[in-house]
Amino acid sequence: MSDKPGIPRVDLPPGVHLDTLAVREGLPATPWGENSEALFLTSSFVHPDAATAAARFANEEEAFVYTRFTNPTTMMMERRLAALEGAEACIATASGMSAILLLVMGLLKAGDHVICSQSVFGSTIKLLGGEMAKFGVETTFVSQTDVAQWRAALRPNTRLLFAETPTNPLTEVCDIAALAGIAHGAGAWLAVDNCFCSPALQQPLQLGADFVIHSGTKYLDGQGRVIAGAVCGPQAEIEGKLVPLMRSAGMCLSPFNAWVVLKGLETLSIRMRAQSERALALAQWLQTHPQVERVYYPGLASHPQHELAMRQQNGQGGAVLSFIVKGQAQGGPELARRHAFHVIDSTRICSITANLGDTKTTITHPSSTSHGRLSEDQRLAAGITQGLIRVAVGLDDVQDLQADLQRGLDTLTT
Ligand SMILES: *Cc1c(COP(=O)(O)O)cnc(C)c1O
């Protein structure tokens, strides 16, 4: 919830920019005048008398009632994230996945149809293609980059298009404005998972999307501390559909985690810029290494959607890159896998973990971790080969990171 009348707003001059909103938007300070936002660890709020309590429970008076659906710390995070995305409203959730669950449960009903990119986050595919199908919501999965496939998948009952860009781990970029046009032409909504770019680089609502999904676990927190999520979108749908569902279903964000994300947002744009710069430098260097077969990074001119990405992502490639280490052609998938493991195991700085969005650079082997539950055929269809390594670049010194990868790349044996 972002904009309950009766709960005051921070008094900022009109037209202030993203960096100012990132450190200022929220709620006014309490009478104590704290400069850093307070953490309200309380499950409920006290009312002056029974009649006021009744009015507040009946939504006749705006006030904080119970932390499952109203908490000042959580509201500060919601208002700040909404401001960064240019959204009317935002609702925080316990995780990125529960943000997607809240969105589809709140907007859709049995008999509705969803179109989703086949390259989205694995749990999103399981949630839409598996769990939601049990409740009569059917999803068609289409190409990330071929807009014609999205248009061809439309049905009279299509209510939602769901996209994520760039994708993990191959950084494929879809055209948000084109998908918004297709959705709106069919009377459907477009939701975009903006996890990889964050509003510091990409604002999907400005490109025509209706909803933005966030895993706050990644760049919004930015230091790998909490699980969090959020949905940003129009006031009417958030207040009218998602807040009541949150009140009944309860996938709420802990105020403690909301506070961590709130403070993370203050440094989001400088982190994203710094991490993007490091990722670009690393990607450019990897492209020149004789043991590297291919580099996937939207900031490289060799990326198939480079121009679209630069237009859509504020001229920056983001902090995630992937590359294929040589080996497949010489010794098949087994040698490719051995080479990838050697490069990963030779690092002494990078954290070997499938998480991303941390200040600590992480390195992972997608085909045996994030995509390990797929069959080898499914993996190959998705372009996830045994030689593929994903690096989510943090704030480590880029020369140190280069040396960390070079150690393994320079010592590969056949
Ligand atoms: C991590 C992630 C999610 C899920 O977020 P959680 O906070 O882990 O539930 C959704 N989408 C993308 C793109 C992600 O990377």
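These numbers were taken from a predicted model, which means no experiment stands behind them.

## Thoughts on the domain arrangement of the protein chain
Point 1. For the protein chain, the assigned domains read domain 1 (18–265) and domain 2 (271–409).
Point 2. Between the C-alpha centres of domain 1 and domain 2 the distance comes to 28 Å.
Point 3. Counting from both sides, the interface comprises 31 residues of domain 1 and, opposite them, 34 residues of domain 2.
Point 4. Roughly 2500 Å² is buried in total at the junction of domain 1 and domain 2, and carbon and sulfur atoms are behind 56% of that figure.
Point 5. If you sort the residues of domain 1 by the area they bury against domain 2, L170, L201 and Y219 come out on top, with a joint share of 29%.
Point 6. Taken together, the links from domain 1 to domain 2 amount to one salt bridge.

## So, the sheet that holds strand β9 (residues 320–325)
Point 1. A sheet is described by the order of its strands in space; here five strands give the open sequence β8-β9-β12-β11-β10, paired in mixed fashion. Of all the strands in the sheet, just β8 (292–296) and β10 (351–352) have a single pairing partner and so form its edges.
Point 2. As paired strands, β8 and β9 are joined by four bridges and run antiparallel to one another. Counterpart to V292 in the pairing with β9 is V325.
Point 3. Contacts from helix α11 (residues 268–288) reach β8, β9 and β12 (388–392), with the element oriented near 15° to β9.

## Looking at unusual backbone geometry
Trans peptide bonds make up the majority, and among non-glycine residues the majority have a negative phi.
Point 1. The residue after T165, namely P166, is reached through a cis peptide bond having omega -10°.
Point 2. Within the fold, P166 resides in the loop between β4 (158–164) and α7 (176–185).
Point 3. Residue P169 follows N168 across a cis peptide bond; omega there is 0°.
Point 4. The residue P169 is located in the loop between β4 and α7 in this model.
Point 5. The phi torsion at N59 lies on the positive side, around 65°, for a residue other than glycine.
Point 6. Structurally, N59 is set in the loop between α2 (50–57) and α3 (72–85).
Point 7. For T171, which is not glycine, the phi dihedral falls at a positive 55°.

## What to know about the pairing of β4
Point 1. Of all seven residues in β4, six are buried; the element is thus mostly enclosed.
Point 2. Sheet topology places strand β2 (residues 113–117) next to β4; four bridges connect them, and they run parallel. Within β4, the residue paired with V114 across the bridge is L160.
Point 3. Here β4 pairs with strand β5 (residues 189–193) via five bridges, running parallel. Bridge assignment links F162 to a residue of β5, and that residue is A191.
Point 4. The parallel pair β4 and β5, bridged by α7, forms a crossover whose chirality is right-handed.

Rules behind the numbers
- Residues numbered from 1 in each chain as written.
- Predicted model: local features only at pLDDT ≥ 70, side-chain atom pairs only at ≥ 80, totals over all residues.
- Heavy atoms only, no water.
- Domains from an automatic or database assignment.
- Contact = heavy atoms within 4.5 Å.
- Buried area = accessible area lost by both parts, 1.4 Å probe.
- Salt bridge = Lys/Arg side-chain N within 4 Å of Asp/Glu carboxyl O.
- Pairing = 2+ DSSP bridges.
- Helix = DSSP H or I, 4+ residues; strand = E, 2+ residues; numbered from the N terminus.
- Axes fitted to C-alpha atoms, helices over the stretch in contact; angles between N-to-C directions.
- Buried < 20%, exposed > 50% of the residue type's maximum accessible area, 1.4 Å probe, protein only.
- Right-handed = clockwise from strand over helix to strand, strands pointing away.

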